[in-house]
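# Geometric and topological summary
If you want the building blocks of each chain, they are given just below.
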Amino acid sequence: MGKVVKMGNFQSTHQHKTVKILLFIGMLVVLFLLLFSSPLFSIHHINIYGNDHYSKEEIIAMIGVNKGDNIFLFNKKAGEKILNEDVYIESASIRIIWPDTVEIKVDERKLVGYVPYLGTYLYIDKDGRVLESCKTYDKNLPIVEGLEFDYFQVGEIIPAKNKNALDVVAIMSQMMLKYDMLQDVVKVSVSDPENIHIYVRNLDVSIGSVEDFDKKIQWLVQIMDIYDMGKLDLRNVDKGKAIFSPLT
């Protein structure tokens, strides 16, 4: 014979289960309220590493995080997306260190010079990527002349017709960064990649091609400590020869 279940007992069991579920949901709500309101999970520290172009305050404002915010409500992925879309930032990562710290690491693109273009100056990085366009500039960095192009787009590498000249800019930028010379170089002319000229302080320097460029820059660094005005020919440093001509 089948088991007989009384309706009253069934309703009582069902109500008991419902109460348990409601109590469990209530406990979860209370737990979440405690987590989101507890000062234990407020952001107390925002550590930023690798920034130079942007200040700590600017990066904090970009991703919309502040001390005192609840760390559970901070959207790490959204913050990383915002930073990685910025033209001055090559890569960025954000790490949450429980219970109260946000750590932000950025790898910024470094401004290495300016390219004149139709009354403005294009701010470029070592790859020739345009970081921004302004009518003026305020840092002692090289003016790069000799690139041929008809248009540009911020965030993209200059579409130079003379690609060899753009390659020269990339190589020279790396060397100048290596020897910390960017602030001394006034102008770079790359219109002829086989006859490069750079103007360092008051020295007009003939480089020739980028062949042995590291060695040429090493010679230049030593010579500019002795002579600060005139013409310097470094095209034959591979033969151990540099020619300096003072201005007369």
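A few points on the structure. A quick note: this is a predicted structure, and the numbers were derived from the prediction, not measured.

Thresholds applied
- For every chain, the first residue of the written sequence is number 1, and numbering continues from 1 along that sequence.
- Local features are withheld for residues below a pLDDT of 70 in this predicted model, meaning they are given only at 70 or higher, and side-chain atom pairs are given and counted only at 80 or more; totals for whole chains, interfaces and linings count all residues.
- Excluding hydrogens and water, the side-chain figures rest on all heavy atoms present in the structure.
- Put simply, DSSP H or I for four residues or longer makes a helix, DSSP E for two residues or longer makes a strand, and each gets a number counted from the N terminus.
- The contact criterion used throughout is that any non-hydrogen atoms of two residues lie within 4.5 Å.
- Note on patches: the residues involved have over 30% relative accessible area and no salt bridge, like charges join within 9 Å, and the nonpolar side chains Val, Leu, Ile, Met, Phe, Trp and Tyr join within 5 Å.
- To be clear on the numbers: accessible area is Shrake-Rupley with a 1.4 Å probe, and residue cover counts the displayed protein chains and nothing else.
- The term salt bridge refers to a side-chain nitrogen of Lys or Arg lying within 4 Å of a carboxyl oxygen of Asp or Glu.
- Counting rule for charge: Lys and Arg are taken as positive, Asp and Glu as negative, and neither His nor the chain ends is counted.
- We put the charge of a Lys on NZ, of an Arg on CZ, of an Asp on CG and of a Glu on CD.
- Only protein chains enter the accessibility calculation, which uses a 1.4 Å probe; a residue is then buried when its area is under 20% of its type maximum, exposed when over 50%, and partly exposed in between.
- It is the directions from the helix axis to the C-beta atoms whose arc is reported.
- Polar contacts here mean pairs of N or O atoms no more than 3.5 Å apart (in protein, one a potential hydrogen donor and the other a potential acceptor; neighbouring residues in sequence count only if both atoms are side-chain atoms).

Examined against the element boundaries, isoleucine 207 turns out to sit in strand S10 (residues 202-208). Separated by 12 residues in the primary sequence, isoleucine 207 and asparagine 195 place their C-alpha atoms 6.6 Å from one another. The residues contacting isoleucine 207, other than those within four sequence positions of it, are Ile196, Ile198, Phe213, Lys216, Leu234 and Arg235.

On the surface, Asp192, Glu194, Glu211, Asp212 and Asp238 cluster together into a negatively charged patch. Here glutamate 211 lies in the loop between S10 and helix H5 (213-224). On the accessibility criterion, glutamate 211 (57% relative accessible area) is exposed.

Residues three or four positions apart in an α-helix share a direction because the helix packs 3.6 residues into each turn. Regarding helix H2 (residues 56-63), the residues found buried are Ile59, Ile60 and Ile63. Around the axis of H2, the buried residues are gathered within 100° of arc, so they sit on the same side. Facing away from the buried side of H2 by over 90 degrees, the exposed positions are Glu57 and Ala61. Among the residues trailing H2, glycine 64 stands out with phi positive, at a value near 70°.

Now for the side chain of histidine 197. Along the chain, the position of histidine 197 falls in strand S9 (residues 196-200). Polar side-chain contacts of histidine 197 include one of 3.0 Å to the side chain of aspartate 204. With sequence-adjacent residues up to four places away left out, histidine 197 is seen in contact with Lys187, Val188, Ser189, Asp204, Val205 and Ser206.

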